[in-house]
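Chain by chain, the residues run as shown.
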Amino acid sequence: MKLTYPACFYPDSEKEGAYAVVVPDLPGCVSGGNSLAEAILMGMDAASGWVLDELEDGNAIPPASPLESITPDPGGFVSMLVLDMDSYTERYGEKAVRKNLTIPAWLNTFAENNHINFSQVLQDSLTALYQRQHA
């Protein structure tokens, strides 16, 4: 799942070339970097972590505001951040929830004989459903 959010970038008045990053749609999501490129990467990381925490807690993630609706404070500018949540979740997602399930005995036998990982099949199927509903 890919998400985009507008972010406000502000030059650091004390350190030349450094920027602070604020993601208005994600309350409290602030980061920065020693260069514009680093600030973009750090903003993407901070926003991805913010969204992952919400998803792991079962909360809905806020929709992104249209780029043109965001007005930065004086001296700042707005640009979009692209979040690759699949990649970020693979790397940093830690929270797991144990679920019990009931399936027909014949299907269980088939899966076991074919060395099918039940958890992986369920995760893949639920991820596909989630992506279709949020596309």
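Residues numbered from 1 in each chain as written. Predicted model: local features only at pLDDT ≥ 70, side-chain atom pairs only at ≥ 80, totals over all residues. Heavy atoms only, no water.

A. The arrangement of the sheet that holds strand 1 (residues 2-11) in detail. Spatial strand order, 3-2-1-4: 4 strands in an open sheet with antiparallel pairing. Each edge of the sheet is formed by a strand with only one pairing partner; in this case those strands are strand 3 (30-33) and strand 4 (77-84). In this sheet, neighbouring strand axes are inclined to one another by 35° on average, regardless of whether the strands run parallel or antiparallel. Bridge count between strand 1 and strand 4: 8 bridges; the pairing is antiparallel. In the strand pairing of strand 4, K2 is matched with D84. Those strands touched by helix 1 (residues 36-56) are strand 1, strand 2 (19-22), strand 3 and strand 4, and its axis lies near 55° from that of strand 4. Of the strands in this sheet, strand 1 and strand 4 are in contact with helix 2 (residues 85-92), which crosses strand 4 at around 60°. (Pairing = 2+ DSSP bridges. Helix = DSSP H or I, 4+ residues; strand = E, 2+ residues; numbered from the N terminus. Axes fitted to C-alpha atoms, helices over the stretch in contact; angles between N-to-C directions. Contact = heavy atoms within 4.5 Å.)

B. Focus on the pattern of salt bridges. Per the stated rule, a full pass over the model turns up 1 salt bridge. Note that K2 and D84 form a salt bridge whose closest N and O atoms lie 3.3 Å from each other. With a gap of 82 residues between them, K2 in strand 1 and D84 in strand 4 connect regions that are remote in the sequence. On the basis of relative accessibility, which here comes to 58%, the residue K2 falls in the exposed class. Residue classification places D84 among the partly exposed positions, given a relative accessible area of 30%. (Salt bridge = Lys/Arg side-chain N within 4 Å of Asp/Glu carboxyl O. Buried < 20%, exposed > 50% of the residue type's maximum accessible area, 1.4 Å probe, protein only.)

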